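Spelled out, the chains give:
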Amino acid sequence: MTTDTNPTPPTTPKLGNVAAKQVKGMLGGLGVTLRTMFKPAVTVQYPHEKEAPPTRARGVIALKEENCTVCMLCARSCPDWCIYIEGHKEKRPPRREGGRERTVSVLDRFDIDYALCMYCGICVEVCPFDALHWSPEYEYSEPSIAHLLHDKDRLGEWEATVPEAEPLELGAVVKGAKK
Amino acid sequence: MSLAVDIGWGTTLGIKTLVVMGLIPVGALVLGYTFLLKMMSHMQSRLGPMDPGGFHGWYQLIGDGLKFIQKEDIIPAGADKRVFKLAPAIVVLSTFLMFVVLPGGPDFVVAKNLDVGVFYALAVSSLSVIGVLMAGWASSNKYALLGSLRAAAQLIAYELPLVLAVIGAVVQAGTMNLQGIVRFQADGAIFGWDGLGHPLILTQFVGFALFMVAAQAELSQPPFDMPVAESELVAGYMVEYTGFRFLFFFIGEFGTAFVYAGLAATLFLGGWSLPFVDADDNIMNFLGPGVLFAKIMLVAFLMFWARFTYPRLREDQLQALAWKWLIPIALVNILATGALKVAF
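Residues numbered from 1 in each chain as written. Chains lettered and ligands numbered in written order. Predicted model: local features only at pLDDT ≥ 70, side-chain atom pairs only at ≥ 80, totals over all residues.

Trainee: How would you summarise the overall build of chain B if you had to cite specific residues and measurements?
Mentor: Secondary structure assignment for chain B yields 13 helices and zero strands. When the helices and strands of chain B are placed in sequence order, the string is α-α-α-α-α-α-α-α-α-α-α-α-α. Here chain B has a C-alpha radius of gyration of 21 Å; the compact-globule value for 344 residues is 20 Å, and the two agree. Taken along its principal axes, the extent of the C-alpha atoms in chain B is 65 × 50 × 45 Å. When burial is assessed residue by residue, chain B has 46% of its 344 residues classed as buried. Put simply, of all contacts in chain B between residues at least 6 apart along the chain, 77% involve residues at least 24 apart. (Helix = DSSP H or I, 4+ residues; strand = E, 2+ residues; numbered from the N terminus. Rg over C-alpha atoms; globule rule 2.2 N^0.38 Å. Buried ≥ 20, exposed ≤ 12 C-beta atoms within 10 Å, placed from the backbone. Contact = placed C-beta atoms within 7 Å.)

Laid out in C-alpha cells, this is it:
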C-alpha cells in the first residue's frame, strides 16, 4: 500500500474571503426565496381544478367482460389476492348440424378489492385474452374501506376510459388473427 | 392636548388593558396568517390554505385556535402542576408588558410614556425566559428540560447584542423615551438635510442589523430555533403542553414577534411618524397607528423572510455568533456612535 507522502498542504483561506463568501451565499438564499415568492405556485387546487393524468397512467384496472374466460390466471398471479372470480359452465348449441354441444365458462362475479390492490399490474400482464386493461381514471375513493370492493359492472364502466392501443408496427404479424 | 372625554384612571387602565389583550392575539393572527401561512407557502412555490373562510383561507388560523380551545388539557402525572400551569401565562405576560411603552401617535402611547422606555421594554422582554424555564422544569420531561436550558442560554446570550444594538440609537437620540426617540427621528436632520427627518436606520444601520439578528434569536425563530428543534428535542419546552396552554405559547411567539417588530420600527424606522408630515399635526394621532402598523409589517417581513430562508444553526454556532461576532460588533458600533456624536 502506497501512502501519499506529499499531500497538498491544506490552504488556509483568509478570514475575510470566507466571510465574504458566506455573506454572498446568505444573500443569494434570500434572493431565491424572494424570487420564488413572486413566481406562480405550482399547486393545482385539486377538487376545484383537475390535472389530466398521463394517457397511460395506471389509475385503475378495467375489465372487458366479453373477453374473460374465467381462466383464473389473474386471480392466481395476484400477489395480494385481491381478485375474486366466480363462474359456472353452460352448454351452448353445437356450431354445426349434428355436432356436439359446446361448453362455455360464464363469468358470475369479478371483484377487485382496491383496498388491497397494490397496482402492480401483473393481472393485466398475465391476461391472455386482453380482458384487463389499465385505465387512467383515478376518482373512485369511497367513504368506507369496505366499499372499495368494486364489482364487474363498475370495472366494465371503466373500460370506456381505457385509451386506444397503440397501432402495431408496420409489417407486424398478428398471431391468430382471423381474416 | 388630550382627548376631550374625561374618564377616571381606573377606567382608562381597564380600556387600555383590554386593548392590549386584544392586540396580542390579533397581532399574532395577522403575522401568522400573512407570513407563516401565506408568504412561506409562496416562497416554497405552493399556495397555503385556500378554502377555510372562502377567501384565501383567512379563517384557517382562527379555526386552529378554536380547535386548541376544545382540546383536552393534559398535565403529566409527574409535573409540578402549579408551575406547569403558570408558565405559559408568564410567557404571554412578558409580551403583554412590552406593549405598554409602544408609542402610536404624537399624543398617545399604548399605556404609559416611560422615560426609561427602551430599558423597560427590553427588561420585561427577558421575563419570558423565566416562563420558558418554568415550563421546561415543571414538565418533568428530559426533552422539555434540555429545550428550556437551551432557550435560557440562547435568550441570555442574545439579550446582550440586543441591548447593545439599541444603545447606539439611544446615544444618537439622547433619550431612552420611545416617544422622544420617535420625535428625534421625525424632527431631526442628517448633516443638516431634513427632507426625510432622521430615521435612525440610515445612520444606525449596523445597530438595526444587529437588532434584527438578536431579535430573531430572542424569538427563537429559525435559524435560531434550537430550543424547539424537533429533530433533536421533539418540541423542546413545549413538548408536554396541549390545547389552550400550547395556544398560549403560540400566541406568545407571534405576539412577541409583533412587539419586537414594533420596537424595531419605533427605534430605527421612525415609529408612527411620516416624512413630509408635521409630527405635531393632530392628524398623526389618527394616522399614526396605521403608519406604525405598516412599518411593523415591513420589519416583520424581513424577520420572516430570514426565518423561511435559513436552516437551523448548530448549538455551538449559535453561541459563537453571539459572543464572537455580534457583541464585539455592537461594542464597536457604540464606540463609533459615541465618537461621532461628540465630533459633530
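Next comes the rest of the account.
Trainee: Can you break down the overall build of chain A residue by residue, with the values?
Mentor: Counting its regular elements, chain A contains four helices and five strands. For chain A, the N- to C-terminal ordering of α and β elements is α-β-α-β-β-α-β-β-α. Computed over C-alpha atoms, the radius of gyration of chain A comes to 30 Å, more than 25% over the 16 Å expected from 2.2 N^0.38 for 179 residues, which places it beyond the range of a compact globule. Projecting the C-alpha coordinates of chain A onto the three principal axes gives extents of approximately 105 × 55 × 40 Å. A total of 179 residues make up chain A; the buried ones form 11% of that total. Taking the intrachain contacts of chain A between residues at least 6 apart in sequence as the baseline, contacts between residues at least 24 apart amount to 74%.

Trainee: How would you sum up the interface of chain A and chain B? Please name residues and give values.
Mentor: Interface size is often expressed as the accessible area that is lost when the parts come together. In this assembly, ten residues from chain A lie in contact with eleven residues from chain B. Looking at the side of chain A that touches chain B, its residues break down into four nonpolar, five polar and one charged. (Nonpolar A, V, L, I, M, F, W, Y, C, P; charged D, E, K, R; others polar.)

Trainee: Describe the packing of helix 11 (residues 243-268) of chain B against helix 12 (residues 284-309) of chain B, with residues and values.
Mentor: In a pair of packed helices, the angle between the axes and the distance between the axes together describe the arrangement. Residues and elements named next belong to chain B. One way to put it is that helix 11 packs onto helix 12 with a least axis distance of 8 Å and a crossing angle of 110°. Between helix 11 and helix 12, the interaxial angle falls into the category roughly perpendicular. For the pair helix 11 and helix 12, the crossing hand works out as right-handed. Between helix 11 and helix 12, the residues in contact are Ala257, Phe258, Ala261, Gly262, Ala264 and Ala265 and Leu292, Lys295, Ile296, Val299, Ala300 and Met303, respectively. Considered class by class, the residues forming the contact of helix 11 with helix 12 number ten nonpolar, one polar and one charged. (Axes fitted to C-alpha atoms, helices over the stretch in contact; angles between N-to-C directions. Parallel < 35°, antiparallel > 145°, perpendicular 65-115°, else oblique. Left-handed = near helix turned anticlockwise from the far one by under 90°.)

Trainee: Tell me what's going on with the nonpolar core, and back it up with residues and numbers.
Mentor: Within the largest apolar cluster, 97 residues are counted, with the highest numbers of intra-cluster contacts made by Phe211(B), Ala214(B), Ala257(B), Ala261(B), Ala264(B) and Ala300(B). With 16 residues, the single largest contributor to this core is helix 11 of chain B. Ignoring sequence-local partners within four residues, the contact set of Ala300(B) consists of Leu31(B), Phe35(B), Ala257(B) and Ala261(B). One finds Ala62(A), Cys68(A), Phe110(A) and Cys123(A) within the second-largest nonpolar core, a separate group that totals 16 residues. (Core = buried A, V, L, I, M, F, W, Y, C linked by C-beta atoms within 7 Å.)

Trainee: Quick rundown of the sheet that holds strand 2 (residues 83-92) of chain A? Include the residues and the values.
Mentor: Note on sheets: strands pair through backbone hydrogen bonds, and any given pair is parallel or antiparallel. Residues and elements named next belong to chain A. With antiparallel pairing, the three strands of this open sheet are ordered in space as 2-3-5. With one partner strand each, in any of the chains shown, strand 2 and strand 5 (149-150) form the two edges of the open sheet. As paired strands, strand 3 (residues 102-113) and strand 5 are joined by two bridges and run antiparallel to one another. Residue pairing in the sheet places Asp113 in a bridge with Leu149 of strand 5. (Pairing = 2+ DSSP bridges.)

Trainee: Break down helix 4 (residues 117-125) of chain B for me, citing the residues and quoting the values.
Mentor: Residue and element names in this part refer to chain B. Within the sequence span of helix 4, burial applies to Gly117, Val118, Ala121 and Ser125. Taken end-on, helix 4 shows its buried residues confined to a sector of 100°, consistent with a single buried face. On the buried face of helix 4, the contacting elements are helix 3 (81-99), helix 5 (127-138), helix 6 (142-173), helix 7 (178-187), helix 9 (205-218) and helix 11. (Arc of directions from axis to C-beta.)

Trainee: Just give me the short version of the pairing of strand 3 of chain A, but keep the residues and values in it.
Mentor: Looking at chain direction, strand 2 of chain A and strand 3 of chain A are connected through ten bridges and run antiparallel. Bridge pairing in strand 3 of chain A places Glu86(A) opposite Arg109(A).

Trainee: Would you mind going over the pairing of strand 1 (residues 60-63) of chain A in detail, with residue names and values included?
Mentor: All names here are of chain A. Neither face of strand 1 is open: one carries Val60 and Ala62, the other Ile61 and Leu63, and all of them are buried. Where strand 1 and strand 4 (residues 132-135) come together, four bridges link them in antiparallel fashion. Residue pairing for strand 4: Leu63 is matched across the bridge by Leu132.

Trainee: How would you sum up the environment of Val70(A)? Please name residues and give values.
Mentor: Residue and element names in this part refer to chain A. Positionally, Val70 belongs in the loop between strand 1 and helix 2 (73-77). For Val70, a count of 19 C-beta atoms within 10 Å gives the class partly exposed. Along the backbone, Val70 and Lys89 are 19 residues apart, and their C-alpha atoms lie at a distance of 9.9 Å. Residues contacting Val70, with those up to four places away along its chain left out, are Ile85, Gly87, Ser105 and Leu107.

Trainee: Lay out the environment of Gly290(B) in plain terms, naming residues and giving numbers.
Mentor: As for its placement among the helices and strands, Gly290(B) is situated in helix 12. C-alpha of Gly290(B) to C-alpha of Trp272(B): the two residues are 18 residues apart in sequence and 7.7 Å apart in space.

Trainee: Could you give an account of the confidence of the model for chain B, with specific residues and numbers?
Mentor: Residues and elements named next belong to chain B. Averaged over all residues, the pLDDT of chain B is 83; the fraction at 70 or higher stands at 95%. Here helix 8 (residues 200-203) stands out as the least confident element of chain B, with mean pLDDT 76; helix 9 is the most confident, with 89. What the predictor reports for the complex is a pTM of 0.77 with an ipTM of 0.70. (pLDDT = per-residue confidence, 0-100.)

Trainee: Quick rundown of unusual backbone geometry? Include the residues and the values.
Mentor: All names here are of chain B. Note that the residue after Pro222, namely Pro223, is joined by a cis bond; omega there is 5°. For Pro223, the position within the fold is in the loop between helix 9 and helix 10 (230-233). If you check the backbone angles, Ser45 has positive phi at about 60° while not being a glycine. By the C-beta count within 10 Å, which is 13 here, Ser45 ends up partly exposed.

Trainee: Account for the environment of Ile61(A), with residues named and values stated.
Mentor: All names here are of chain A. The topology assignment puts Ile61 in strand 1. The spatial distance from the C-alpha of Ile61 to the C-alpha of Cys117 is 9.8 Å, given a sequence separation of 56 residues. Residues in contact with Ile61, not counting those within four places in the same chain, are Ile112, Cys123, Val124, Leu132, Trp134 and Leu155.

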